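In case you want the letters, here they are:
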Amino acid sequence: IAARPDDPYARLVRGLASLMAGSNETAQADIRAAIELQQDLHVAHAMKGLADILGKDAESALKSFETAMDLAPDSALCRVGHALARAQRREHSAATEELTKVLEADPKNVDALVIRGDCERELGRLEDALQDYQQAAVVTGGNAALLAKFFQTQADREKANGRASGGVLSPGAFSGALRAR
């Protein structure tokens with residue numbers, strides 16, 4: 001940044017590095033600087049939205065993602081981020097609808113699948129959540145965190161149905177299903 005103080009992309013890269021390092025305040029400063037340098041840079045507004053989400057400021061995140069969507073209406077990144085901010089506000093139905101639209105255009109968008117699965121789970125739609133987690137796991141080749149969400153949701157479904165977990169798909173059977181696809 002010292003060599004290119006007027007480069008919004010350099011500010012964004014440093015802002016992203018700060019976010020990843022857990023320094024939200026430093027990240028916000030660099031992201032704001034990038035926006036000041038180039039106000040029509042949708043990715044900068046999206047990154048600000050992400051930093052706002054990490055800072056638990058859903059209201060500001062919504063505004064940032066709305067600005068980003070105005071600049072890039074077809075950006076899945078902006079739409080998924082906007083839905084995530086809505087989910088953080090516990091607007092799970094609205095977030096699910098928004099993510100469904102993203103998935104119509106890109107059925108393999110893992111972030112949209114996982115966040116929609118989380119929203120469906122919050123809404124008590126465990127079957128739908130299971131389908132989203134399974135699809136995300138297939139797309140990623142069996143990501144361990146997704147498998148954990150899948151099995152926890154499956155156990156919750158069995159508990160809600162008043163059944164023992166004997167009917168739960170085993171991890172071995174699930175990984176076999178992944179290989180078969």
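Above this text is the structure in question.
To start, this report covers the structure provided alongside it. (Residues numbered from 1 in each chain as written. Predicted model: local features only at pLDDT ≥ 70, side-chain atom pairs only at ≥ 80, totals over all residues. Heavy atoms only, no water.)

### Observations concerning the overall build of the protein
Along the backbone of the protein there are ten helices and zero strands. N-terminal to C-terminal, the α/β element order of the protein is α-α-α-α-α-α-α-α-α-α. Here the protein holds 181 residues, and 42% of them are scored as buried. Taking contacts inside the protein between residues at least 6 apart in sequence as the whole, the part at least 24 apart equals 46%. Carbon together with sulfur atoms contributes 51% to the accessible area of the protein, which is approximately 9,700 Å² in total. (Helix = DSSP H or I, 4+ residues; strand = E, 2+ residues; numbered from the N terminus. Buried < 20%, exposed > 50% of the residue type's maximum accessible area, 1.4 Å probe, protein only. Contact = heavy atoms within 4.5 Å. Areas by Shrake-Rupley, 256 points an atom, 1.4 Å probe, with all protein chains shown as cover.)

### Thoughts on helix α7 (residues 110-122)
The terminal C-alpha atoms of α7 lie 18 Å apart, and with 13 residues this matches the ideal 18 Å at 1.5 Å per residue to within 8%. Along α7, the positions that sit buried rather than exposed are A112, L113, V114, I115, R116, G117, C119 and E120. For α7, the elements touching its buried residues are α5 (76-88), α6 (92-105), α8 (126-140) and α9 (144-160). Its side-chain oxygen at 3.2 Å from the backbone nitrogen of D111, N109 defines the N-terminal cap of α7. Of the residues trailing α7, G124 is marked for its positive phi of about 85°. (Expected span 1.5 Å × (residues − 1). Polar contact = N/O pair within 3.5 Å; in protein donor to acceptor, adjacent residues only side chain to side chain.)

### Some details on the packing of aromatic side chains
Evaluation of the coordinates by the stated rule reveals one aromatic pair. Between F150 and F151, the aromatic rings sit 5.2 Å apart at their centres with planes inclined by 85°, giving edge-to-face as the arrangement. (Phe/Tyr/Trp six-rings, centres within 6.5 Å; stacked < 30°, edge-to-face > 60°.)

### Some remarks on the packing of helix α1 (residues 8-20) against helix α2 (residues 24-37)
At their nearest, the axes of α1 and α2 sit 8 Å apart, and the two run at 160° to each other. Compared by their axis directions, α1 and α2 come out roughly antiparallel. Of the two elements, α1 crosses α2, and the hand of that crossing is left-handed. Residues P8, R11, L12, R14, G15, S18 and L19 of α1 lie in contact with α2, whose contacting residues are N24, T26, A27, D30, I31, A33, A34 and L37. Considered class by class, the residues forming the contact of α1 with α2 number eight nonpolar, four polar and three charged. (Axes fitted to C-alpha atoms, helices over the stretch in contact; angles between N-to-C directions. Parallel < 35°, antiparallel > 145°, perpendicular 65-115°, else oblique. Left-handed = near helix turned anticlockwise from the far one by under 90°. Nonpolar A, V, L, I, M, F, W, Y, C, P; charged D, E, K, R; others polar.)

### As for the nonpolar core
By size, the foremost hydrophobic cluster in this structure holds 21 residues, and its most contacted members are V80, L99 and A112. Secondary structure elements with two or more residues in this core: α5, α6, α7, α8 and α9. With near-sequence residues (within four places) excluded, A112 lies in contact with V80, L99, V102 and L103. In this structure, L12, L19, L41 and A44 belong to the second largest nonpolar core, which totals ten residues. (Core = buried A, V, L, I, M, F, W, Y, C linked by side-chain atoms within 4.5 Å.)

### Quick look at the layout of surface pockets
A volume near 280 Å³ is recorded for the largest pocket. Contributing to the lining of the largest pocket are 13 residues, with L50, L77, V80, G81 and D111 lying nearest its centre. For the lining of the largest pocket, the secondary-structure elements that each account for two or more residues are α3 (42-54), α5 and α7. Broken down by element, the residue count for the lining of the largest pocket peaks at five residues, all from α5. A per-class count over the lining of the largest pocket returns ten nonpolar, two polar and one charged. Of the voids in this model, the second largest pocket is the one considered here, and its volume is about 150 Å³. Lining the second largest pocket, in full, are I53, L84, A87, Q88, R90, H92, I115, D118, C119 and E122. (1 Å grid on protein atoms, 1.4 Å probe; cavity = no way out; pocket = protein on both sides within 12 Å on 5 of 7 lines; lining within 4 Å. Points joined across faces, edges and corners; volume = space filled by probe spheres on them.)

### Some details on unusual backbone geometry
The phi torsion at K56 lies on the positive side, around 65°, for a residue other than glycine. Looking at the element boundaries, K56 is found in the loop between α3 and α4 (58-71). Positive phi, normally seen in glycine, also occurs at R90, with a value near 70°. Structurally, R90 can be placed in the loop between α5 and α6.

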